[in-house]
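# Structural characterization, general
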Amino acid sequence: MITILRLGHRPGRDARLSTHVGLTARALGADSVIMSGEHDEKLIESIKEVTKEWGGSFQVSYEKNWKKVIKNFPGVSVHLTMYGLPVQKKIKEIGQKKDVLVVVGGEKVPSEIYQLVDYNIAVTSQPHSEVAALAIFLHEYFKGKELDKEFSGGRIRIVPQERGKKTVEK
Ligand code: SAM
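Below, the structure is looked at part by part.

Parameters and conventions
Residues numbered from 1 in each chain as written. Predicted model: local features only at pLDDT ≥ 70, side-chain atom pairs only at ≥ 80, totals over all residues. Heavy atoms only, no water. Buried < 20%, exposed > 50% of the residue type's maximum accessible area, 1.4 Å probe, protein only. Helix = DSSP H or I, 4+ residues; strand = E, 2+ residues; numbered from the N terminus. Pairing = 2+ DSSP bridges. Arc of directions from axis to C-beta. Contact = heavy atoms within 4.5 Å.

Burial of the side chains of strand β6 (residues 119-122) extends over both faces: Tyr119 and Ile121 are buried on one face and Asn120 and Ala122 on the other. Relative to β6, strand β4 (residues 76-86) is paired through five bridges, and the arrangement is parallel. By the bridge assignment for β6, Leu85 is matched with Ile121.

Following this line, the structure appears as C-alpha cells:
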C-alpha cells in the first residue's frame, strides 16, 4: 500500500499543484493521497472525479493533523526533500517495504518532519517540484512496472494512437 501525504495545501494558490500531486500519485501506482494544510473540498472532489471517469480504486481524503498520519502509519514513512539521501542509494532498501507513506511538502515544510519520518530522500540535491520528485520516486519504487498498470472500472479509456486521440466508453 502506497499512500501519499501532501503537506501545507493552500486553496487557490496550490490548487493546480496539489491536484497534480493527486493525479500523478494515482496514475503512477499509488493507492491513496491524504491532503493536509487547509481543507479544500474542490480539490478532493476533482481527484475523485478523475477516478470515477478513468477507473481504479484510488482514494483521496483530508487530514488536518499530518503528524498523526505519520505517527500512526503502519509502515515506513519517506519524506521527499532535496536535503535527503539520494533516492538511487536508498530505493533498494525502501523497495522491500510493502507499506510506504510518501510525504511531499509545499511552499514551506515544518522542520520537525525531518525527525518524524523514517527516511529523508532526495531526487537530486537540487530544488524542483513535489510532482517531479513524487513521479521519479514512484517510478524507482515500482521499477517501471507502474507504467503498465490497468485501471478497472471507470467510464472511458484511451486507445493509444501514433497520432490523434481515440477514446472508448467502457
Ligand atoms: N522550500 C521548501 C522547503 O522548506 O524545503 C521546499 C519547497 S519545494 C517547491 C516543495 C516540495 O517539493 C518539497 O517539500 C519536496 O517534497 C519536493 N522537492 C523539491 N525538490 C526536491 C528534490 N530535489 N528531491 C526531493 N523532493 C523535492
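Those residues of helix α4 (residues 87-95) not exposed but buried are Val87, Lys90, Ile91 and Ile94. For α4, the buried positions fall inside an angular range of 125 degrees around the axis, keeping them on one side. Facing away from the buried surface of α4 by more than 90 degrees, the exposed residues are Gln88, Lys89 and Lys92. Where α4 is buried, its residues meet β4, β5 (100-104), β6 and α6 (130-141).

Here the focus is unusual backbone geometry. Not every positive phi belongs to a glycine, and Thr124 is a case in point at roughly 70 degrees. Within the element layout of this structure, Thr124 appears in the loop between β6 and α6. One non-glycine residue with positive phi stands out, namely Lys143, at about 55 degrees. With respect to the element layout, Lys143 can be found in the loop between α6 and β7 (156-158).

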